[in-house]
Amino acid sequence: MLSGPWATEAEIRRFRGETTAAATLQHPNVVAIHEVGVHEGRHYFSMDYIAGQSLAEMIQRTPLPAGRAARYVKII
């Protein structure tokens, strides 16, 4: 969680709700979440490691060509 130990109860409930809901998803284009928990007071989730760059990193340097962007949107 971005706010870490300073998270409000509302932020913790939202984090737990969203990660628990995401953990139920099973789709080839969705990274699997395996565990949601608390360790030494810090809330966390564990997920598969996917090598490569993020979409944010990919488009930071230059916009994607329209066709490629459309394919990504269709997949997502």
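Residues numbered from 1 in each chain as written. Predicted model: local features only at pLDDT ≥ 70, side-chain atom pairs only at ≥ 80, totals over all residues. Heavy atoms only, no water.

Draft legend 1. Broad picture of the packing of aromatic side chains. Applying the stated criterion across every chain yields a total of one aromatic pair. For the ring pair F15 and F45, a centre distance of 6.0 Å and an interplane angle of 45° mean the geometry is tilted. Placement of F15 in helix 1 (residues 9-23) and of F45 in strand 2 (residues 42-47) is noted, with a sequence separation of 30 residues between them. Taking relative accessible area as the criterion, F45 reaches 35% and is therefore assigned partly exposed. (Phe/Tyr/Trp six-rings, centres within 6.5 Å; stacked < 30°, edge-to-face > 60°. Helix = DSSP H or I, 4+ residues; strand = E, 2+ residues; numbered from the N terminus. Buried < 20%, exposed > 50% of the residue type's maximum accessible area, 1.4 Å probe, protein only.)

Draft legend 2. Focus on the layout of surface pockets. What the largest pocket holds in volume is close to 430 Å³. Those elements giving two or more residues to the lining of the largest pocket turn out to be helix 2 (55-61) and helix 3 (66-75). (1 Å grid on protein atoms, 1.4 Å probe; cavity = no way out; pocket = protein on both sides within 12 Å on 5 of 7 lines; lining within 4 Å. Points joined across faces, edges and corners; volume = space filled by probe spheres on them.)

Draft legend 3. Main features of the side chain of H43. Among the secondary structure elements, H43 is positioned in strand 2. Judged by its relative accessible area of 19%, H43 falls in the buried class. Residues in contact with H43, not counting those within four places in the same chain, are M1, I12, F15, R16, G37 and V38. (Contact = heavy atoms within 4.5 Å.)

Draft legend 4. Quick peek at unusual backbone geometry. Although it is not a glycine, E40 adopts a positive phi angle of roughly 50°. When you line up the elements, E40 lands in the loop between strand 1 (33-39) and strand 2.

Draft legend 5. Local environment of the pattern of salt bridges. By the definition in use, this model includes one salt bridge. Across the pair R14 and E18 runs a salt bridge, and its minimum N-O distance is 2.6 Å. A residue pair is termed a helical-turn pair when its members lie 3 or 4 positions apart in one helix, as R14 and E18 do in helix 1 at four residues. Assessed through its relative accessible area of 57%, R14 is described here as exposed. (Salt bridge = Lys/Arg side-chain N within 4 Å of Asp/Glu carboxyl O.)

Draft legend 6. Region of the structure containing the pairing of strand 2. The pairing of strand 1 with strand 2 spans six bridges and is classified as antiparallel. Across the sheet, H39 pairs through a bridge with R42, a residue of strand 2. Hairpin remark: strand 1 followed by strand 2, antiparallel, with two residues in the connecting loop; positive phi at E40, about 50°. (Pairing = 2+ DSSP bridges.)

Draft legend 7. Molecular detail of helix 1. Helix length check: helix 1, at 15 residues, gives a terminal C-alpha distance of 21 Å against a target of 21 Å (1.5 Å per residue), a fit within 8%. Among the residues of helix 1, those classed as buried are I12, F15 and T19. Relative to the axis of helix 1, the buried residues are bounded by an arc of 65° and lie together on one face. Turned more than 90 degrees off the buried face of helix 1, the exposed positions are E9, R13 and R14. Elements that come into contact with the buried residues of helix 1 comprise strand 1 and strand 2. (Expected span 1.5 Å × (residues − 1). Arc of directions from axis to C-beta.)

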